[in-house]
Amino acid sequence: MPTKKPHKSALKDKEGISINEITNAAAIAKFKARRSENISAEKLASSIINGDTIALSRAITLIESSNPEHTEKANAVLNLCLPHANNSIRIGITGVPGVGKSTFIEALGNTIANKENKLAVLAVDPSSSVTKGSILGDKTRMEDLVKNEHVYIRPSPAGSSLGGVAQKTRESIILCEACGFKTIFIETVGVGQSETAVHSMVDFFLLLKLAGAGDELQGIKRGIIELADAIVINKADGDNLKKAKIAKTEFNRALHLYPPKKNGWIPKVLLTSATENTGIQKVWELLEEYIQKSKSDDDFINKRKEQNKFWLYQTINDRIKSNFYQNKKIKEALEIQIKAIELNKTTPFAAAQYLLTLL
């Protein structure tokens, strides 16, 4: 019987160096100098277009910044990159925590990523409502994929954004496309039925499910399931395989309760085991079938046009909200109204109506 090779962690992929070598004053000064180097928007965009992933990471950090000074530069980079974008396949991948999103993405990513099909993974990590921080550990969970030279993985915090994606995920997609990535995975936080924002920025929406966890009953609910272009029941292996097959039958029945999609596509239900790498190739073949069908009847282009309109309105709403709370007059009046509410001298509704008249 062949001996199983021990798993090699990406954290120990290369021989480390001693602490003294990386903490000397010269190295620290050099690192700080690189961080503080002010690269122009033109140079940053040019580097991205030439496939520089370090510049890509820097630009994504720039667009995620809440510093007003960074906003202007970030917009300039985006405008320069935009003519080189819109040439990828965007795939949204969602599912409840524990369904195996990271393992599934790693298995699918290693199957499709190559020199001609570079893959970018934009992973959104949940943020604490208390500390506002995020772990951003997606690279650690995708130990093999992170070592693939044709793959770029960028974890980002969800922050206060709802819908399972980060506020600047849409812009990050444009930058990744300009950098030459032909397939883009957007891995969502995984919060449940309300996680639908990713649907408005991808070409294909993939929903991962578990068998034997009550998910079969969720098939008759409106919401995230009716938006899915395919449902994949993951962890269909071992003792769970029989449950997964039953769940597949239940979901197929449930999908017949929904009206057909505008493009006539009928969502499919597939079984996979990301750990055993079974069913993964079939998922990719289904994705290719969907994209080919969408492009043949102009649904692909029309869908992106609708998404662009959606994000126009969304950006306007976000900017109005930001300007409202940053207004000095509003800030002062808001504090007064909060104290009045605490003393029961006014209601939240009356206070809000008054504050809106100050604009």
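All of the points below concern the structure found in this document. (Residues numbered from 1 in each chain as written. Predicted model: local features only at pLDDT ≥ 70, side-chain atom pairs only at ≥ 80, totals over all residues. Heavy atoms only, no water.)

Enumeration over the complete set of coordinates arrives at nine salt bridges. For the salt bridge of E306 with K309, the shortest nitrogen-to-oxygen distance reads 3.1 Å. Remark: K309 and E306 occur in helix 13 (residues 299–326); sequence separation between them is three residues, near one turn of the helix. For E306, a relative accessible area of 48% corresponds to the partly exposed category. (Salt bridge = Lys/Arg side-chain N within 4 Å of Asp/Glu carboxyl O. Helix = DSSP H or I, 4+ residues; strand = E, 2+ residues; numbered from the N terminus. Buried < 20%, exposed > 50% of the residue type's maximum accessible area, 1.4 Å probe, protein only.)

Before going further, it helps to spend a moment on the packing of helix 6 (residues 101–112) against helix 12 (residues 280–296). The angle between the axes and the distance between the axes are what describe a pair of packed helices. Helix 12 packs onto helix 6 with a crossing angle of 70° between their chain directions and a minimal axis gap of 10 Å. Between helix 6 and helix 12, the crossing angle belongs to the class labelled roughly perpendicular. Contact with helix 6, carried on its side by F104, A107, L108, T111 and I112, involves I280, Q281, V283, W284 and L287 of helix 12 and no other residues of that element. Looking at side-chain class alone, the contact of helix 6 with helix 12 contains eight nonpolar, two polar and no charged residues. (Axes fitted to C-alpha atoms, helices over the stretch in contact; angles between N-to-C directions. Parallel < 35°, antiparallel > 145°, perpendicular 65-115°, else oblique. Contact = heavy atoms within 4.5 Å. Nonpolar A, V, L, I, M, F, W, Y, C, P; charged D, E, K, R; others polar.)

Now for the pairing of strand 1 (residues 89–94). Counting buried residues along strand 1, six of its six residues qualify, which places the element largely inside the surrounding structure. Alternating positions in strand 1 separate into two faces, I89, I91 and I93 on one and R90, G92 and T94 on the other, with burial throughout. Two strands pair when backbone bridges link them, and strand 1 and strand 4 (residues 183–187) are joined in this way by five bridges, in the parallel orientation. When the sheet's bridge partners are listed, I91 is paired in strand 4 with F185. (Pairing = 2+ DSSP bridges.)

Moving on, we get to the packing of aromatic side chains. The description of an aromatic ring pair uses the distance of the two centres, along with the angle that the planes make with each other. This model, assessed by the stated rule, comprises five aromatic pairs. Each ring, one from Y152 and one from F181, has its centre 5.8 Å from the other, and the planes form 40°; the classification is tilted. In this pair, Y152 sits in strand 3 (residues 151–157) while F181 sits in the loop between helix 8 (169–178) and strand 4, placing the two residues 29 residues apart along the sequence. Exposure class is identical for Y152 and F181. Each is buried. Summarising the aromatic geometry, the rings of F324 and Y325 are spaced 5.1 Å apart at their centres and angled 90° between planes, so their arrangement reads as edge-to-face. Relative accessible area serves as the criterion here: at 13%, F324 is assigned to the buried category. According to the relative accessible area criterion, Y325 is partly exposed, its value standing at 45%. Three or more aromatic residues joined by ring pairs form one cluster here, namely F204, W265 and Y290. (Phe/Tyr/Trp six-rings, centres within 6.5 Å; stacked < 30°, edge-to-face > 60°.)

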